[in-house]
Amino acid sequence: QVQLVESGGGLVQAGGSARLSCAASGTILSINVMDWYRQAPGKQRELVAVISNFGSTNYADSVKGRFTISRDNTKGTMYLQMNSLKPEDTGVYYCRAGVGKYVYWGQGTQVTVSS
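Everything numeric here is computed off the predicted structure, so don't read it as measured data.

**Comments concerning the packing of aromatic side chains**
Going through the model one piece at a time under the given rule, you end up with two aromatic pairs. Their ring planes at 80° and their centres at 6.5 Å tell us that Tyr94 and Trp105 sit as a pair that is edge-to-face. Here Tyr94, found in strand β9 (residues 91–99), pairs with Trp105, found in strand β10 (residues 102–105); they are eleven residues apart in sequence, far enough to count as distant. Take Tyr94: its relative accessible area is 14%, and that puts it in the buried class. Aromatic rings pair up to connect Tyr37, Tyr94 and Trp105 into one cluster. Arg45 extends its terminal NZ or CZ atom over the ring of Tyr94, reaching a point 3.8 Å from the ring centre. The side chain of Arg45 reaches across the aromatic face of Trp105, ending 4.9 Å from its centre.

**Side note on the pattern of salt bridges**
In a structure, side chains of opposite charge can pair up when their charged atoms sit close to one another. A full pass over the atoms with the stated rule returns five salt bridges. Of the charged contacts in the structure, one is a salt bridge between Arg38 and Glu46, with a shortest N-O distance of 2.7 Å. We classify Arg38 as buried; its relative accessible area is 5%. When the shortest N-O distance is used, the salt bridge between Arg38 and Asp89 registers 2.9 Å. Taken together, the residues Arg38 in strand β4 (residues 34–39) and Asp89 in the loop between β8 (77–82) and β9 connect sequence positions 51 residues apart. The residues Arg38 and Asp89 share a single accessibility class, namely buried. If you follow the salt bridges from partner to partner, you end up with Arg38, Glu46, Arg66 and Asp89 in one network.

Conventions used here
Residues numbered from 1 in each chain as written. Predicted model: local features only at pLDDT ≥ 70, side-chain atom pairs only at ≥ 80, totals over all residues. Heavy atoms only, no water. Phe/Tyr/Trp six-rings, centres within 6.5 Å; stacked < 30°, edge-to-face > 60°. Helix = DSSP H or I, 4+ residues; strand = E, 2+ residues; numbered from the N terminus. Buried < 20%, exposed > 50% of the residue type's maximum accessible area, 1.4 Å probe, protein only. Lys NZ or Arg CZ within 6 Å of the ring centre and 35° of its normal. Salt bridge = Lys/Arg side-chain N within 4 Å of Asp/Glu carboxyl O.

Put into structure tokens, the structure is as follows:
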């Protein structure tokens, strides 16, 4: 089993930066793809960024050029560096990890960007 815990969320001013962390425990060396989702109030959850076990990345158009996803495979930790934050980036950010055909989700961390 894999447990995921996000941290680093909070209140940030527009134009500011924040760094989210997703700490995995359990069979961390079995994790394949990891990604970040976010969900704004009253909106559907959307994919933000993806990183494979070999470091290939993809980003949603809305965050491309502003966010950077990374991971430490040995530690089982994933990061999301968020720069030039906008109010529309506000939402609950969730990390997800794939282990074979199984998917594990963290509990989410709130990011609020004030204008």
